[in-house]
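# Fold and contact review
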Amino acid sequence: METFQYSFDCAQQLDKEDPLFSFRNEFLFPKKDSKDRIYFLGNSLGLQPKSTKHAIQKILNQWELEGVESFFSEEDPWLKYHDKLVGPLSKIVGALPQEISVMNQLTVNIHLMLVSFYRPVGKKNKILVESKAFPSDQYALYSYVRHLGLNPDEVIIEINPDKEGLPPTNDEVLKVIEKHKDELALIFLSGVNYYTGQLFDLKSIAEAANQIKAVVGYDLAHAAGNVPLSLHEWNVDFACWCSYKYLNAGPGAIGAVFVHEKHHHENLNRLEGWWGVKEEQRFLMKKEFIPSPDARSWQLGTSPMLLLASLNASLEIFEQAGWDQLLQKQQKMIAWTDFLLNSFDQDIFDRITPAQRGCQISLQFKQNGKEIYRKLFEGGFMIDWREPDVIRFAPVPMYNNFSEIWQFVQALKEIINELSLEH
Ligand SMILES: Cc1ncc(COP(=O)(O)O)c(C=O)c1O
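Residues numbered from 1 in each chain as written. Predicted model: local features only at pLDDT ≥ 70, side-chain atom pairs only at ≥ 80, totals over all residues. Heavy atoms only, no water.

### A short note on the overall build of the protein chain
A count of helical and extended segments in the protein chain gives 13 helices and 17 strands. In terms of C-alpha radius of gyration, the protein chain reaches 23 Å, essentially the compact-globule figure of 22 Å for 423 residues. In terms of overall dimensions, the protein chain has a C-alpha envelope of 75 × 60 × 35 Å along the principal axes. Counting the 423 residues in the protein chain, one finds 56% classified as buried. Long-range contacts, defined here as pairs at least 24 residues apart, represent 70% of the contacts in the protein chain between residues at least 6 apart. Carbon together with sulfur atoms contributes 52% to the accessible area of the protein chain, which is approximately 19,100 Å² in total. (Helix = DSSP H or I, 4+ residues; strand = E, 2+ residues; numbered from the N terminus. Rg over C-alpha atoms; globule rule 2.2 N^0.38 Å. Buried < 20%, exposed > 50% of the residue type's maximum accessible area, 1.4 Å probe, protein only. Contact = heavy atoms within 4.5 Å. Areas by Shrake-Rupley, 256 points an atom, 1.4 Å probe, with all protein chains shown as cover.)

### Details of the environment of Asp 389
By the secondary structure assignment, Asp 389 is in the loop between β16 (384–386) and β17 (390–393). When the C-alpha positions of Asp 389 and His 222 are compared, they lie 21 Å apart, and in sequence the two are 167 residues distant. Here Asp 389 is in contact with Tyr 195, Leu 363, Gln 364 and Phe 365, once residues within four sequence places are set aside. Here Gln 364 takes part through its side chain, which lies 3.3 Å from a polar atom of the side chain of Asp 389. (Polar contact = N/O pair within 3.5 Å; in protein donor to acceptor, adjacent residues only side chain to side chain.)

### Re helix α11 (residues 323–341)
Between the first and last C-alpha of α11 there are 27 Å, a value that for 19 residues agrees with the 27 Å anticipated at 1.5 Å per step. Buried within α11 are the following residues: Trp 323, Leu 326, Leu 327, Lys 329, Gln 330, Met 333, Ile 334, Trp 336, Thr 337, Leu 340 and Leu 341. (Expected span 1.5 Å × (residues − 1).)

### Observations concerning the site of the ligand
In the vicinity of the ligand, the contacting residues are Leu 106, Thr 107, Phe 134, Asp 137, Asp 219, Ala 221, His 222, Tyr 244 and Lys 245. Interatomic distance of 2.8 Å between a side-chain N/O atom of Tyr 244 and an oxygen atom of the ligand. Protein burial of the ligand: of its 400 Å² of free accessible surface, 85% is covered by the chains. For the shell around the ligand, the per-class residue count stands at four nonpolar, two polar and three charged. (Near = heavy atom within 4 Å. Nonpolar A, V, L, I, M, F, W, Y, C, P; charged D, E, K, R; others polar.)

### Details of the packing of helix α4 (residues 106–117) against helix α5 (residues 135–147)
Contact pair α4 / α5: the axes reach a minimum separation of 10 Å and the direction vectors enclose 35 degrees. The element α4 and its partner α5 pack so that their crossing is right-handed. Residues Thr 107, Ile 110, His 111, Leu 114 and Val 115 of α4 lie in contact with α5, whose contacting residues are Ser 136, Asp 137, Ala 140, Leu 141, Ser 143 and Tyr 144. The residue makeup of the contact of α4 with α5, split by class, is six nonpolar, four polar and one charged. (Axes fitted to C-alpha atoms, helices over the stretch in contact; angles between N-to-C directions. Left-handed = near helix turned anticlockwise from the far one by under 90°.)

### A few points about the sheet that holds strand β8 (residues 156–159)
Spatially, β6-β12-β11-β10-β9-β7-β8 is the arrangement adopted by the seven strands of the open sheet, whose pairing is mixed. Taken across any chain shown, the strands that pair with only one partner, and hence form the sheet edges, are β6 (100–102) and β8. Recorded for the sheet is a direction-independent mean angle of 15 degrees between the axes of neighbouring strands. Sheet strands in contact with helix α3 (residues 81–93) are β6, β11 (238–241) and β12 (256–259), and its direction is about 125 degrees off that of β6. (Pairing = 2+ DSSP bridges.)

### Structural notes on the pattern of salt bridges
Tallied over the entire structure, the rule returns 22 salt bridges. We note a salt bridge from Glu 404 to Arg 24, for which the minimum N-O separation is 3.3 Å. Taken as a pair, Glu 404 in helix α13 (residues 402–422) and Arg 24 in the loop between α1 (8–16) and β1 (27–28) lie far apart in primary sequence, 380 residues in all. Taking the relative accessible area as the measure of exposure, Arg 24 reaches 16% and is therefore buried. (Salt bridge = Lys/Arg side-chain N within 4 Å of Asp/Glu carboxyl O.)

### Notes on the packing of aromatic side chains
All told, the structure shown has 30 aromatic pairs when counted by the stated rule. On the basis of an interplanar angle of 25 degrees and a centroid distance of 6.5 Å, the ring pair of Trp 336 and Trp 406 is categorised as stacked. In this pair, Trp 336 is assigned in helix α11 and Trp 406 in helix α13, connecting sequence segments 70 residues apart. Take Trp 336 and Trp 406: they sit in the same class, and that class is buried. Members of the aromatic cluster, connected to one another through ring pairs, are Phe 4, Tyr 6, Phe 8, Trp 336, Phe 339 and Trp 406. Between the NZ or CZ atom of Lys 413 and the centre of the ring of Phe 344, over which it lies, the distance is 5.0 Å. (Phe/Tyr/Trp six-rings, centres within 6.5 Å; stacked < 30°, edge-to-face > 60°. Lys NZ or Arg CZ within 6 Å of the ring centre and 35° of its normal.)

### Points about the nonpolar core
Formed by 78 residues in total, the largest nonpolar core has its most connected members in Ile 187, Tyr 218, Leu 220 and Trp 241. For this core, the leading source of residues is helix α10 (residues 305–321), giving nine residues. A domain split of this core shows at least three residues from each of domain 1 (8–43 + 322–422) and domain 2 (55–320). Not counting residues up to four positions away in its chain, the partners in contact with Ile 187 are Leu 128, Ile 177, Ile 205, Ala 209, Ala 214, Val 215, Val 216 and Gly 217. (Core = buried A, V, L, I, M, F, W, Y, C linked by side-chain atoms within 4.5 Å. Domains from an automatic or database assignment.)

### Concerning the sheet that holds β17
Each strand in a sheet pairs with another by means of backbone hydrogen bonds, the pair being arranged parallel or else antiparallel. Taken in spatial order, the four strands of this open sheet run β13-β14-β17-β16, and their pairing is antiparallel. With one partner strand each, in any of the chains shown, β13 (349–351) and β16 form the two edges of the open sheet. Strand after strand, the sheet turns through a mean of 30 degrees between neighbouring axes, direction not considered. Note that strand β14 (residues 361–365) and β17 share four bridges and pair antiparallel. If you follow Gln 364 over to β17, its bridge partner there is Val 390.

### Some words on helix α2 (residues 51–66)
When the terminal C-alpha atoms of α2 are compared, their 22 Å separation across 16 residues agrees well with the 22 Å that a helix rising 1.5 Å per residue should span. If you check which residues of α2 are buried, you get Thr 52, Ala 55, Ile 59 and Gln 62. The buried residues of α2 occupy one face: seen down the axis, they fall within an arc of 95 degrees. Of the residues in α2, the exposed ones pointing more than 90 degrees away from the buried face are Lys 53, His 54, Glu 64 and Leu 65. (Arc of directions from axis to C-beta.)

This is the structure in structure tokens:
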């Protein structure tokens, strides 16, 4: 257990002891008056690695020099580029490399996974989702259920929809699974809730799903690159995520899916495209679909090389920093943030993020929230505001440090004092 002192000296000491401190130099920070802003929005759009430009430029150069032959060129052939990504990603999400397919965007992938994994049979036709899920997940689920000719109001069960806009606790999820055990075909939850930053106990939920023979799938948009995951070991059926948050691959970056290897040779319904054909057969242009023997069989069209390159640039930095080291630093940052936030008066804000969390913390303000947010932003802090009263921020171990957290807390204190004097 770490002991902290409430002082800037302590923050600086923690930075001195941080073996990952220099990794912030690998990233480009937005500026205010030519000074780096304090960027706490890795939960929304991670920062740009300095190496991204170079990685994209390399693809442009190959395209310029070799044209379409770049797919097969001797040095760094585009056809094999996908292989470079699955190794590092598999460490981050706890999968086998062949269980990962880098493709599309998250919402598209949710649809593709529903095609394969929502298999209603008789009265076992219900889908369990969390209340306060990200809207795109809800749109995907509701529209897909309607597409099948089913009524979403009859088929989709939202856990505790009336709970003041907050997601359910893990226990509530487990109770609802037990209650509907004979009817559930699919359990689809986020790993980390986007609004509160709550981390679900994905292992216990997967176990409960396995026991009642329901499929379990996770949206890991806010979990991948943020919290420890063991998707293979937990026997999760599928998962999908985007790469522009904690994975720093840029706006609209390419997403990825995990499909457990136990499903690779099953005769599942799947939307098919030529990029899902086994690599050796793909260019034979046969009518018959011969699937890749792994998660890549879910791929549809040609890999977008510029997007793969920007994800690769970021994953190389994850490899250098080491996933375990990043998680260790994250735990220390969480403890430091909690320690500093404990110094606030209880009636200013509620921490709506439970103890089980990753980098993100959400503060629900009892008054003046928007004004506080605006003043923090003007003061050089990049955090975000969620209506009606929540400030979210996420110090990430890759490029944030302990002194920045200290500065944030001091600025928050000053603004709160100022406002209580003014009003
Ligand atoms: C939890 C969650 N699901 C889905 C999405 C939508 O992702 P995309 O725009 O990449 O389809 C997001 C985007 O932020 C998200 O946070």
